[in-house]
Amino acid sequence: MREQDELLTIGRFARLCRLSVKQLRHYDDTGLLPPTRVDPATGYRYYAADRARDALTVALLRDLDVPLAVIAETLAGDEADRARLLRAERDRVAERITRDRARLELLERLAEGGGLPGYEVVEEREPERRLAVVRAVTGPAGLGERVGGCVGRLLAQLDGVPWRPPLWGLFPLDLGEGMRIAVGAEAPPLPAGPEAPERLVLPGGPVLATVHHGPYAQLPLAYHALLAAVHERGLRPVPPAREAYLVGPGEAAAEEWATRLVVRVEEQAEERAGSGS
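Quick caveat, the model's predicted, so the values are computed rather than measured.

### A word on the sheet that holds strand 2 (residues 37-38)
1) Next: Across the sheet, three strands lie side by side as 1-3-2; this open sheet has antiparallel pairing. The open sheet has two edge strands with one neighbour each: strand 1 (8-9) and strand 2.
2) Next: Here strand 2 pairs with strand 3 (residues 45-47) via two bridges, running antiparallel. Within the sheet, the bridge partner assigned to Arg-37 lies in strand 3 and is Tyr-46.

### Comments concerning helix 4 (residues 68-76)
Residues that lie three or four places apart on an α-helix share one face, since the helix turns once every 3.6 residues.
1) Next: Taken together, the buried positions of helix 4 are occupied by Val-70, Ile-71 and Thr-74. End-on view of helix 4: buried residues confined to an arc of 100°, all on one side of the axis. Summarising the geometry of helix 4, the exposed residues directed more than 90 degrees from the buried face are Ala-69 and Ala-76.
2) Next: Looking at the buried side of helix 4, the elements it contacts are helix 3 (52-63) and helix 5 (79-112).

### Focus: the packing of helix 1 (residues 10-17) against helix 2 (residues 21-29)
Describing two packed helices takes the angle between their axes plus the distance from one axis to the other.
1) Next: At a minimum axis separation of 9 Å, helix 1 and helix 2 run at an interaxial angle of 100°. The angle between helix 1 and helix 2 falls in the class roughly perpendicular. Along the contact surface, helix 1 presents Ile-10, Gly-11, Phe-13 and Ala-14, while helix 2 presents Val-21, Leu-24 and Arg-25.
2) Next: Considered class by class, the residues forming the contact of helix 1 with helix 2 number five nonpolar, one polar and one charged.

### So, the packing of aromatic side chains
1) Next: Here the structure, examined in full by the defined rule, presents three aromatic pairs.
2) Next: Ring geometry for Tyr-216 against Trp-257: centres 4.7 Å apart, planes inclined by 40°, an arrangement best described as tilted. Of this pair, Tyr-216 sits in the loop between strand 9 (205-213) and helix 7 (219-232) while Trp-257 sits in the loop between strand 10 (235-247) and strand 11 (258-267), placing them 41 residues apart in sequence.
3) Next: Overall, Tyr-216 belongs to the partly exposed group, its relative accessible area being 28%.
4) Next: The class for Trp-257 is buried, based on a relative accessible area of 14%.
5) Next: Taken together, the ring pairs connect Tyr-216, Tyr-245 and Trp-257 into an aromatic cluster.

Definitions and cut-offs
- Residues numbered from 1 in each chain as written.
- Predicted model: local features only at pLDDT ≥ 70, side-chain atom pairs only at ≥ 80, totals over all residues.
- Heavy atoms only, no water.
- Pairing = 2+ DSSP bridges.
- Helix = DSSP H or I, 4+ residues; strand = E, 2+ residues; numbered from the N terminus.
- Buried < 20%, exposed > 50% of the residue type's maximum accessible area, 1.4 Å probe, protein only.
- Arc of directions from axis to C-beta.
- Contact = heavy atoms within 4.5 Å.
- Axes fitted to C-alpha atoms, helices over the stretch in contact; angles between N-to-C directions.
- Parallel < 35°, antiparallel > 145°, perpendicular 65-115°, else oblique.
- Nonpolar A, V, L, I, M, F, W, Y, C, P; charged D, E, K, R; others polar.
- Phe/Tyr/Trp six-rings, centres within 6.5 Å; stacked < 30°, edge-to-face > 60°.

Below you can see the structure in the form of structure tokens.
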């Protein structure tokens, strides 16, 4: 009996493993699932039946949207490696679901209100504030977790110190990877030391402010209203954006949380006559 008689054609193997012929060809081209034999004269691909387990694993993981590179590592690894890789993918999916759930809640709020919700944006004068702060570097995806970590570190450093609520979050106006954030509180200076929080002076002056009621995931709605008002009034926003946590976790249900958003503003500098000529 010839060797190819003991092997499965690509069509039969595809049906056995719940894959298409096109997929098998692609997985061969990428090196993920090469055939057992390729006829040198015809180019036909043949597969041994014992490759079915790997092929079925590929089909299952692709249905779960696992990237091909991760699938390749999973097939090549031992039991411990496979468990580690699949747990990492589980965490990736869980993070994506969390982001999607937040987007869904935003869209539901927009739909219920027939469009963008109304926020009252007011012009005020903010006093100078001297804060004890802790900092972190993060991207948009990990922002909530990083802010929570900063809150925990700051409160631990201020244990026994008479600080004045609320806590303040400080953020760049443009969110992106590697952005520096801070959480602070108005507190008296502490003795210098490795555990002492950094001191920061927030300048006072004219600001635009609004109050958001609801979960932190819906803060983009309030920022939309606040920054739109800044530009519509011909003002220039001055970073950092400031969030005062008036009512937060542990004090009320998420729907009742209250966050005051503040952006310091300046008059737009008038363009010089003849500039750009």
